[in-house]
Amino acid sequence: MTKVELPKLLEITQGEIQALLTSTQGLSSRRFGLVDKLSRLIVDLNSEEGGKGTILERLEGLQDELTRLEVSHGWIEVVERVVLLS
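Residues numbered from 1 in each chain as written. Predicted model: local features only at pLDDT ≥ 70, side-chain atom pairs only at ≥ 80, totals over all residues. Heavy atoms only, no water.

S.K.: So what's going on with the overall build of the protein? Residues and values would help.
M.R.: Looking only at helices and strands, the protein features 2 helices and 0 strands. For a compact globule of 86 residues, the expected C-alpha radius of gyration is about 12 Å, and the protein comes in at 32 Å, more than 25% above that figure. With respect to the principal axes defined by its C-alpha atoms, the protein has extents near 105 × 35 × 10 Å. Every one of the 86 residues in the protein was classed for burial, and the buried ones make up 2%. The distance from the centre of the 10 positive side-chain charges to the centre of the 14 negative ones in the protein is 10 Å. (Helix = DSSP H or I, 4+ residues; strand = E, 2+ residues; numbered from the N terminus. Rg over C-alpha atoms; globule rule 2.2 N^0.38 Å. Buried < 20%, exposed > 50% of the residue type's maximum accessible area, 1.4 Å probe, protein only. Lys, Arg positive; Asp, Glu negative; His and termini not counted. Charge placed at Lys NZ, Arg CZ, Asp CG, Glu CD.)

S.K.: Could you give an account of the packing of aromatic side chains, with specific residues and numbers?
M.R.: Following the criterion strictly, the structure yields 0 aromatic pairs and no others. The ring centre of Phe32 lies 5.3 Å from the NZ or CZ of Arg31, which sits over that ring. (Phe/Tyr/Trp six-rings, centres within 6.5 Å; stacked < 30°, edge-to-face > 60°. Lys NZ or Arg CZ within 6 Å of the ring centre and 35° of its normal.)

S.K.: Which residues make up a nonpolar patch on the surface, and what values go with them?
M.R.: Side chains of Val71, Trp75, Val78 and Val82 sit close together on the surface and give an oily, nonpolar patch of about 400 Å² of accessible area. Turning to its location among the elements, Val78 is positioned in helix α2 (residues 55–85). What makes Val78 partly exposed here is its relative accessible area of 39%. (Patch = residues over 30% accessible without salt bridge, like charges linked within 9 Å, V, L, I, M, F, W, Y side chains within 5 Å. Areas by Shrake-Rupley, 256 points an atom, 1.4 Å probe, with all protein chains shown as cover. Salt bridge = Lys/Arg side-chain N within 4 Å of Asp/Glu carboxyl O.)

S.K.: Go over the environment of Leu56 with me, naming the residues and quoting the values.
M.R.: Among the structural elements, Leu56 can be located in helix α2. For Leu56, a relative accessible area of 55% translates into the label exposed.

What follows is the structure, encoded as structure tokens:
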């Protein structure tokens, strides 16, 4: 490596470091934006929506309703078999 090559390599390296720094700053800004968005989503998920409760509470209610419907469906099948056998 000659003396002429070293300043050029330093210049190239400094340019690459500056590009990486700029990219890192951009990624950091995006990260903070995503954290803010995630925080808002968590608040929305945990907030009451029209008195219906949280999403977890609504899912639990839907699961209970599904269980009741499955039981009803089972009884309907039993009644249908009885009617067919009569």
